[in-house]
Amino acid sequence: MIHSMLPLSGFLDPQVLISGAGAWGLVAICAIVFAETGLLIGFFLPGDTLLFFAGVLTLSGVISQPLWVVIPAIVLAAALGDQLGYSIGHRTGPPIFERRESGLFSRNSVRRTQAFFDRFGPAAVMVARFVPVVRTFAPVAAGVGKMRRGLFTLFNVVGATVWATGVVLLGYALAHIPGVSEFAARYIDVVLIGIVVISVVPVLIRTVITRRRQVA
């Protein structure tokens, strides 16, 4: 819902962006997906909606490359972006975060995010991929928290693959149904957050039950 609250004009409108790029549409998509986490500017980029329309416009032929090229390219861009975000957090993160007590990039943010990682483990990297804003911050926080690079890379690649493949295929499939693609594009953030909630709630319940048993 983050992106739906922004005025989708110019480069923020996925359809305008992809169509305007012409033959370079796929390159533009990959660049934005990479920048969303790799350059820490994903707070206003239409990531989920962009991928959805990548599927829609692949079917319509606006994106000339076939689906079997589009999906791997986006997966690679997403995974590389997270790897760069992790490296930023791992190498230069602490000095940046230690300057402020509050706000998004602050010591409090590191503590809260670290608690999130402690609770859900490295799978948090994968889950965060489906949540706007969080997916921008999570790789940096993982680097600041000194998560093992190999473990981060594993969950990063899995998360990027599931996210990109799922959302692009959703757009591609729904593009066959008149009117449905427009409705789904409008509410795609809600759908993805719902998926995350359904995935995380059982983990939360299990965590609460385990802690209560330990206390007892």
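If you're wondering where the values come from, they're calculated on a predicted model, not measured in any experiment.

A. Geometry of the overall build of the protein chain. Scanning the protein chain for helices and strands turns up ten helices and zero strands. Ordered by position in the sequence, the α and β elements of the protein chain form the string α-α-α-α-α-α-α-α-α-α. Evaluated residue by residue, the protein chain yields a buried proportion of 43% over its 216 residues. Sequence-distant contacts in the protein chain: of pairs separated by 6 or more residues, those separated by 24 or more amount to 78%. Taken as a whole, the protein chain presents about 10,900 Å² of accessible surface, with 70% of it coming from carbon and sulfur.

B. Geometry of the pattern of salt bridges. By the definition in use, this model includes two salt bridges. Glu36 is paired through a salt bridge with Arg135; the nearest N and O atoms lie 2.9 Å apart. Residue Glu36 is located in helix α2 (residues 25-38), and its partner Arg135 is located in helix α7 (residues 134-144); the two are separated by 99 residues in the primary sequence. By relative accessible area, which is 1% here, Glu36 ends up buried. Judged by relative accessible area, Arg135 falls into the buried class, the value being 1%. For Asp82, the salt bridge goes to Arg129, with nearest N and O atoms at 3.0 Å. Within this pair, whereas Asp82 is found in helix α4 (residues 67-97), its partner Arg129 is found in the loop between α6 (123-128) and α7, the two being separated by 47 residues in sequence. With relative accessibility at 2%, the residue Arg129 sits in the buried group.

C. Spatial organisation of the packing of aromatic side chains. Applying the stated criterion across every chain, the model contains two aromatic pairs. Judged by centre distance (5.6 Å) and plane angle (85°), the rings of Phe52 and Phe53 are edge-to-face. For the pair Phe52 and Phe53, a shared accessibility class is recorded, and that class is buried. Aromatic side chains Tyr86 and Phe152 sit 4.6 Å apart centroid to centroid with 25° between the ring planes, which places their arrangement in the stacked category. Note that Tyr86 is positioned in helix α4 and Phe152 in helix α8 (residues 149-174), a separation of 66 residues in sequence. An identical accessibility class is assigned to Tyr86 and Phe152; each is buried.

D. Spatial organisation of α7. The buried fraction of α7 amounts to ten of the eleven residues, a majority that puts the element mostly inside the structure. Of the residues trailing α7, Lys146 is marked for its positive phi of about 65°.

E. Fine view of the nonpolar core. Ile29, Val33, Leu51, Ile74 and Trp163 are the most contacted members of the largest nonpolar core, which has 28 residues in total. If you list the elements that add at least two residues to this core, you get α2, α3 (47-60), α4 and α8. For this core, the leading source of residues is α4, giving eight residues. With near-sequence residues (within four places) excluded, Val33 lies in contact with Leu50, Leu51, Ile74, Ala77, Ala78 and Trp163. Counting 13 residues, the second-largest nonpolar core is a separate cluster that includes Phe120, Ala124, Ala141 and Ala142.

F. Highlighting the UniProt feature "transmembrane region" (unreviewed entry) in the protein chain. When the UniProt feature table is mapped onto this chain, "transmembrane region" (unreviewed entry) is found at residues 21-45, 51-81, 154-175 and 187-209. Secondary structure over residues 51-81 splits into 81% helix and 0% strand, and the C-alpha atoms at its two ends are 15 Å apart. Here residues 154-175 is 95% helix and 0% strand, with 32 Å between the C-alpha atoms at its ends.

Criteria and thresholds
- Residues numbered from 1 in each chain as written.
- Predicted model: local features only at pLDDT ≥ 70, side-chain atom pairs only at ≥ 80, totals over all residues.
- Heavy atoms only, no water.
- Helix = DSSP H or I, 4+ residues; strand = E, 2+ residues; numbered from the N terminus.
- Buried < 20%, exposed > 50% of the residue type's maximum accessible area, 1.4 Å probe, protein only.
- Contact = heavy atoms within 4.5 Å.
- Areas by Shrake-Rupley, 256 points an atom, 1.4 Å probe, with all protein chains shown as cover.
- Salt bridge = Lys/Arg side-chain N within 4 Å of Asp/Glu carboxyl O.
- Phe/Tyr/Trp six-rings, centres within 6.5 Å; stacked < 30°, edge-to-face > 60°.
- Core = buried A, V, L, I, M, F, W, Y, C linked by side-chain atoms within 4.5 Å.
- UniProt positions renumbered as here; feature names shortened; annotations may be inferred.

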